[in-house]
Amino acid sequence: MSGKCVLGIDVGTSGCKILALDDSGVILGSVTEEYPCYAPQQGWSEQDPEDWWNGTAAGIRKITAQLNGKTVCAVGLSGQMHGMVALDRENHAVRRAILWNDQRTGKQCEEITELAGGPDALLAVTNNRMLTGYTGGKILWMKENEPVNYQKTVHIVNPKDYIRLKLTGELKTDVSDASGTGFFCVRERRWADDLIRKTGLDPAMFAEAVESTAVSGRVTKGAADFTGLPAGIPVGGGGGDAVISTTGLGLAKSGRVGVTVGTSGVVAMGLASFLPNPNGMLQVFCGNEPGSFSAMGVTLAAAGSYQWFRNSLGQDEMRKAKEEGKSAFALLDGEAASVPPCSEGMFFLPYLSGERAPLNDPLARGAFLGVTSRHGKGHFARAVLEGVAFSLRQVYELMSAKDASEIVIAGGGAASPLWRQIFADVFHLPVRTVYGSAEGGSFGAALAAGVTAGIWGSLEETVPLIRSESMTAPISANVACYEENYAKYIKFYDALKWSFH
């Protein structure tokens, strides 16, 4: 083992995580720097790109101080997908970034679909619908509603690519993140220039798209002085978090199914070849291994639902957790665990930010159903955990992954033994956690950086490094109850849709 290591940087919604990985695949440590999120109106979600950069730089300085003489030889990037960072001629942000969970662009998404020639014509080009979370609708929204900002805009990048710009001075993205803009030919791994022109935009606005393991630039002296990184080391192409998180689960090798329970929820499979997406219910993006692809379905509020519950209704647990040095989520888990499976007839619909898969409805709304006087806080907490699991099972069934023998689970939600058991019972499959699974996109980004640096020859070579940590088997006595409740759950949206709209 040498003295080399790589960093994986994940620009998340609640904070930036920086992880250090040595050349044998061992995590040396990680730090997280939080920053605020703004909601100027209902359904809007924004962040200041400078907060990302300052948080990233602070995190890099902290992690490099812990490396005990090891030298960082490459950096990999991950980040929340679909966000719009509008840059002027001096590469300064002209406004706060509009994020993936922002729902203001329904009108613009319809316009883009119409200009493309309808849903089928759009899918023939990009293999994906133009969803409200995607970058494309955000650009047209700015053009129509903020013409002064639009006139200032010369370039559009995604969140992680703003960090690349600050580190290297290069305006580039990678093919997986570009896939989530809605303006990318996924099959051909290139920008959909004709579609972009049809919408009245200039293809020159978009950064060059490179492969995830390619060298996209090198750390400048100015960035080195600010962060403590060695000047001149390569920064890899990296990947959008929903894709590169699954790379960190070993899904670079096709045939495995992963569930990531972060702020959003992702069910994903690695694909060795292109998969047509005729109805657009899934998202089929370029994968992080050159020539590979990734199929996924995304729900908008997975662990985000539990976070909302903690912040809104778990004030006592938050106060107690602070006093005792514990996790408020763990305390809520304890209350939920005291309730029998299926929450004694209570249900939760996790549509707090609208919903993507399988509904594609920005107007969908969350709900508790079946509430009676016998239900207490533990029932509500457990119903949230179960509702998210039901929602992600719906996505899983869209993927026709009927031959899956297990689920590999990751993200912050994977740290909860209770939630892992609920997933095992709802999916009726064993649930496995793997090394690095709690680290999200930063671990996948570090693996990709290792390929960029030549430590590993390909991402598939890194799969043996992703060893098993825990296995949770379904409890047969719980499965029947969850099957019955799942059959009810999938009918609630259609029954309530009139009230949402």
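Just so it is clear, the model here is predicted, and its values are computed rather than measured.

Definitions and cut-offs
- Residue numbers restart at each chain and count upward from 1, following the sequence in its written direction.
- Reporting in this predicted model follows two pLDDT cut-offs: at least 70 for local features of residues, and 80 or more for side-chain atom pairs to be given and counted; totals over whole chains, interfaces and linings ignore these cut-offs and use all residues.
- Based on all heavy atoms of the structure, the side-chain values leave hydrogens and waters out of the count.
- Relative accessible area decides the class of each residue, using a 1.4 Å probe on protein chains only: under 20% of the type maximum gives buried, over 50% gives exposed, and in between gives partly exposed.
- Every helix listed is a DSSP run of H or I at least four residues long, and every strand listed is a run of E at least two residues long, numbered separately from the N terminus.
- Think of the arc as the fan of directions from the helix axis to the C-beta atoms.
- Any pair of residues with heavy atoms lying within 4.5 Å of one another is described as a contacting pair.
- Counting rule for disulfides: a pair of cysteine sulfur atoms within 2.5 Å.
- What is meant by a nonpolar core is a set of buried Ala, Val, Leu, Ile, Met, Phe, Trp, Tyr and Cys residues, joined one to another through side-chain atoms within 4.5 Å.
- For helices, the fitted line uses only the C-alpha atoms of the stretch in contact; every axis is such a line through C-alpha atoms, and the angle between N-to-C directions lies from 0 to 180 degrees.
- Roughly parallel means an angle under 35 degrees; roughly antiparallel, over 145; roughly perpendicular, 65 to 115; everything else is oblique.

J.: Give a description of helix α2 (residues 106-116) that names residues and reports values.
T.: Among all positions of α2, only Q108, C109, I112, T113 and A116 are buried. Buried residues along α2 cover an arc of 140° about the axis, so they all sit on one side. Turned more than 90 degrees from where α2 packs its buried face, E110 and E114 sit exposed. Where the residues of α2 are buried, they touch α3 (119-126), α4 (135-145) and α8 (193-198). Immediately downstream of α2, the backbone of G117 shows phi near 110°, a positive value.

J.: Tell me about the state of the cysteines, residues and numbers included.
T.: Per the counting criterion, the structure on display carries one disulfide. The partner cysteine of C342 in its disulfide is C481, sulfur to sulfur 1.9 Å. Of this pair, C342 sits in the loop between α13 (328-337) and β20 (347-349) while C481 is found in helix α17 (residues 476-500), placing the two residues 139 residues apart along the sequence. By relative accessible area, C342 is classed as buried at 3%. When its relative accessible area of 25% is taken as the criterion, C481 is described as partly exposed. You can see C5 has no disulfide; the closest cysteine sulfur is in C73, sitting 6.8 Å from it.

J.: How would you summarise the nonpolar core if you had to cite specific residues and measurements?
T.: Core analysis: the largest hydrophobic core is formed by 119 residues, its most contacted members being I139, F183, V261, W419 and F423. The element contributing the most residues to this core is helix α14 (residues 377-398), with ten residues. With near-sequence residues (within four places) excluded, V261 lies in contact with A302, A303, L392, I409, A410, G411, G412, G413, W419 and F423. Judged by nonpolar contacts, the second largest core, of 35 residues, contains V75, L77, I163 and A223.

J.: Lay out the packing of α2 against α4 with the relevant residues and their values.
T.: Interaxial distance between α2 and α4 falls to 8 Å at its minimum, and their mutual angle equals 110°. As the angle between them shows, α2 and α4 are arranged roughly perpendicular. Where α2 abuts α4, its residues K107, Q108, C109, E111 and I112 lie against G136, G137, L140, W141, E144 and N145.

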